[in-house]
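Examination of the molecular architecture
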Amino acid sequence: MSDIETLKQESRIFNPPESFVKNAAISGMEQYKAMCAAAESDYEGFWAQLARENVQWHKPFTKTLNESEAPFYKWFEDGQLNVSYNCLDRNLQNGNAGKTAIIFESDDGKVTKVTYQELHDKVCQFANGLKSLGIKKGDRVVIYMPMSVEGVAAMQACARIGATHSVVFGGFSAKSLQERIIDAGAVAVITADEQVRGGKHLPLKAIVDEAIGMGGCDTLRNVVVYKRTGGNINFVSGRDLWLHDVIANQAATCEPEWVEAEHPLFILYTSGSTGKPKGVQHSSGGYLLWAMLTMKWTFDIKPTDVFWCTADIGWVTGHTYIAYGPLAVGATQIVFEGVPTFPNAGRFWDMIQKHKTTIFYTAPTAIRSLIKAAEADPAIHPNKYDLSSLRLLGSVGEPINPEAWMWYYKNVGRENCPIADTFWQTETGGHMITPLPGATPMVPGSCTLPLPGIMTAVVDETGHDLPWGQGGILVVKRPWPAMIRTIWGDADRFRKSYFPEELGGKTYLAGDGAVRNEKTGYFTITGRIDDVLNVSGHRMGTMEIESALVANPIVAEAAVVGKPDETTGESICAFVVLKRARPTGDEAKQIAKELRDWVAKEIGPIAKPKEIRFGDNLPKTRSGKIMRRLLRVIAKGEQITQDVSTLENPAILEQLKLAQ
Ligand code: PRX
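Owing to the predicted nature of the structure, the values given are computational and were not obtained by experimental measurement.

Reading the values: the criteria
Residues numbered from 1 in each chain as written. Predicted model: local features only at pLDDT ≥ 70, side-chain atom pairs only at ≥ 80, totals over all residues. Heavy atoms only, no water. Phe/Tyr/Trp six-rings, centres within 6.5 Å; stacked < 30°, edge-to-face > 60°. Helix = DSSP H or I, 4+ residues; strand = E, 2+ residues; numbered from the N terminus. Pairing = 2+ DSSP bridges. Axes fitted to C-alpha atoms, helices over the stretch in contact; angles between N-to-C directions. Buried < 20%, exposed > 50% of the residue type's maximum accessible area, 1.4 Å probe, protein only. Core = buried A, V, L, I, M, F, W, Y, C linked by side-chain atoms within 4.5 Å. Contact = heavy atoms within 4.5 Å. Parallel < 35°, antiparallel > 145°, perpendicular 65-115°, else oblique. Nonpolar A, V, L, I, M, F, W, Y, C, P; charged D, E, K, R; others polar. Near = heavy atom within 4 Å. Polar contact = N/O pair within 3.5 Å; in protein donor to acceptor, adjacent residues only side chain to side chain. Areas by Shrake-Rupley, 256 points an atom, 1.4 Å probe, with all protein chains shown as cover.

What follows is about the packing of aromatic side chains. Taken as a whole, this structure holds 40 aromatic pairs when the rule is applied. Here Phe336 and Phe348 contribute two aromatic rings whose centre-to-centre distance is 6.5 Å and whose plane-to-plane angle is 75°, an arrangement assigned as edge-to-face. Here Phe336, found in strand β17 (residues 332–336), pairs with Phe348, found in helix α13 (residues 347–355); they are 12 residues apart in sequence, far enough to count as distant. Seen from their ring centres, Phe494 and Tyr498 are 6.0 Å apart, and the 55° between their planes marks the pair as tilted. Taken together, the residues span about one helical turn, with Phe494 and Tyr498 both in helix α16 (residues 491–498) at a distance of four residues.

Read across the sheet, four strands follow the order β21-β22-β24-β25 without closing on themselves; strand pairing throughout is antiparallel. Looking along the sheet, the strands with just one partner apiece sit at the ends: β21 (456–459) and β25 (523–528). With direction set aside, neighbouring strand axes in the sheet form an average angle of 45°. Note that β21 and strand β22 (residues 472–476) share four bridges and pair antiparallel. Pairing of Val459 across the sheet is with Ile473, part of β22.

Leave glycine aside and you will find that most residues have negative phi; peptide bonds, for their part, are mostly trans. With an omega dihedral of 10°, the bond running from Ala70 to Pro71 counts as a cis peptide bond. Locating Pro71 in the fold gives a position in the loop between β1 (65–66) and β2 (74–75). The phi angle at Lys356 is positive, at roughly 50°, despite the residue not being glycine. Locating Lys356 in the fold gives a position in the loop between α13 and β18 (359–362). Taking the relative accessible area as the measure of exposure, Lys356 reaches 56% and is therefore exposed.

Counting residues in hydrophobic clusters, the biggest one holds 169 residues, and the most contacted among them are Trp47, Trp290, Trp297, Trp480, Ile545 and Val576. Discounting chain neighbours no more than four positions away, the residues touching Trp480 are Tyr43, Trp47, Trp75, Trp290, Glu427, Thr428, Met432, Ile454, Arg485 and Tyr508.

Reading across the sheet, the three strands line up as β28-β29-β30 and stay open at both edges, with mixed pairing between neighbours. In this open sheet, the two strands that pair with only one neighbour each are β28 (555–565) and β30 (611–614). Strand after strand, the sheet turns through a mean of 25° between neighbouring axes, direction not considered. Two strands pair when backbone bridges link them, and strand β29 (residues 569–578) and β30 are joined in this way by four bridges, in the parallel orientation. Bridging across to β30, Phe575 finds its partner in Arg613. Packing against the sheet, helix α17 (residues 542–550) makes contact with β28 and β29, and its axis sits at approximately 145° to β28. Helix α19 (residues 628–636) rests against β28, β29 and β30 of the sheet, and its axis sits at about 60° to β28.

For any two helices packed against each other, one specifies the inter-axial angle together with the distance between the axes. At a minimum axis separation of 9 Å, helix α11 (residues 285–297) and helix α12 (residues 316–328) run at an interaxial angle of 80°. What the angle tells us is that α11 and α12 run roughly perpendicular. Together, Tyr287, Leu288, Ala291, Met292, Thr294 and Met295 of α11 and His319, Thr320, Tyr321, Tyr324, Gly325, Pro326 and Ala328 of α12 make up the contact between the two elements. Considering only residue class, the contact of α11 with α12 consists of nine nonpolar, four polar and no charged.

Before going further, it helps to examine the pairing of strand β4 (residues 100–105). Buried residues dominate β4, accounting for five of its six residues. Two elements, β4 and strand β5 (residues 111–115), share five bridges in a ladder whose sense is antiparallel. Note that in β5 the partner of Ile103 across the bridge is Lys113.

For the rest of this paragraph, the subject is the site of the ligand. Not every one of the 16 residues close to the ligand is listed here, only the nearest: Thr422, Thr426, Asp512, Arg528 and Arg539. One nitrogen or oxygen atom from the main chain of Thr422 is found 2.8 Å from a nitrogen atom belonging to the ligand. Between the ligand and Arg539, the relevant distance is 2.7 Å, taken from an oxygen atom to a side-chain nitrogen or oxygen of the residue. When the free accessible area of the ligand is taken as 540 Å², the share hidden by the protein chains comes to 95%. For the shell around the ligand, the secondary structure elements donating two or more residues are β20 (419–422) and β25. For the shell around the ligand, a count of residues per class yields five nonpolar, six polar and five charged.

Right, let's talk about the side chain of Glu398 for a bit. Within the element layout of this structure, Glu398 appears in the loop between β19 (392–396) and α15 (402–412). A residue is classified by how much of its surface remains accessible, and Glu398, at 9% relative accessible area, is buried. For Glu398, the side chain forms a polar contact with the side chain of Arg368, separated by 3.0 Å. Setting aside chain neighbours within four positions, we find Glu398 in contact with Ala363, Pro364, Thr365, Arg368, Asn534, Ser536, Gly537, Thr568 and Gly569.

Written as structure tokens, this is what we have:
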């Protein structure tokens, strides 16, 4: 991976193609600058106008921003709307009823197309079905679903009746699921019998059963099961219901529940540096506005586009750029059930060719692994496919290294497609810093400049602006409509995590480091400044993994650090002290495997440490603090140059260096 110094010196510049600039929604830097200036000069007026033009309000708002309880900001608070109405009914009124909303491709390549009318009817039946179970506005519903039309419909159906959904990624374990059901106080779980990925059937309903079996899910009344495979599952009578039974005979219309703009549309759990994952709470009005605007600005969406975001609905990218954004702007989008490597690593290119995809949005990890695959097997190299339908590429979730950027640009975009390297977070609701495809000259490895109205800055620990060229912490100085509203059930943690007193209590702390280019002011993200890891674009807390490890009865102590990885960006390296003698050789291998599987059960397979090293102890200061800084150096296999004289037990470093 590229280090920061190399990134800072990156000087290649790629201008947006003329043909793109001509027809772009934001065309040229002058227009971009004018929009930024408009936001600067009348911040509330800027957002109010956009909110009136883009969102269909049931009751118009009169107040734009309420800062009286900052950092608990409220946007458009006296306005009323329904997000599902904006995504579906509006398209029926706009003449899009017969337009394809979703092109669904299953793992085995079967394609199903769903029009806006059909999606509307499906969502309404689903919503009526949920209502028949007594689910109502304000209730929480956990969605544990495969990538499917039904998964998107489940989210939309909740939005339609004002229920707050919390989607849990299908790769999370029963324990993670149980914790989220309890924390959210969910009344129902919507799931499927199984999911199909890469030709394999994987259980979902059985994991839900296991989660509920762990106890504590006292608020839960029902489990609604979508029959995906017809695989054998256990059914608890009275509690479990088939989705097809729940929606049978339900009307294909459903009067939307009009909610206040601040009504929580969803809670999405994400990792922080301490404690359990936190439930990031998002609003309805402000969130929808930003989902729409970023579809228009960043993706320059046009009526004829075929948009494809490869994320899973279990992550925020799948919320904003699958379940809500594309539908709210009336786009045609692809929803894909499978994995990029099945039946072979040409799957993405094959699907772009087949569906004439025009906008393709994926993660750097996927690109890096497909580069490797294409190098190993020229038959599935993107140059073997007709990718001429593409006009725009996007990247999300982690830093994209310049080599991967160049490969993507040349081999997938054929040097004719801008790349939107979109920096954002679960908490931000949508893109924050990204090139605009018809305006911003691109530099590989830089997410370039903030979107209009987004007041990002690089500051020091006391909140003072740093000069361009100097690395510091990334903040957002003004609230924006799609921002996180609170952490579900933990307002205090919200304030402390994101609006710390040291920064004045009103500045949003992103948790990433950043540096601006001395000449252009372009932002480059330098990585997390807290104990959060990013493995294949999946966000995880080191503490979470450590807690999972020490929950194992044989583990005395554990420290987890990130290590740069060619493909996954970062990988997890765990240093473990057992309650018994330090294992070596085959025994060490065996125990490491057991611990890896243990973490997969505790959190999910994505949290499995790639490497586990056993020691008699961990490097600690005399006051007992684990020196993670040193562990990071050891994990990288580098020489320790830091002063280790304050260590209680410096000899341990040699042991950990050699340990495998
Ligand atoms: O560290 C940044 C990294 O991903 C983190 C947010 O992760 P999550 O909440 O899971 O959301 C991912 C999808 C938006 C950030 O704090 N990150 C995300 N996008 C980029 C990035 N790092 C560098 N460049 C990006 N484009």
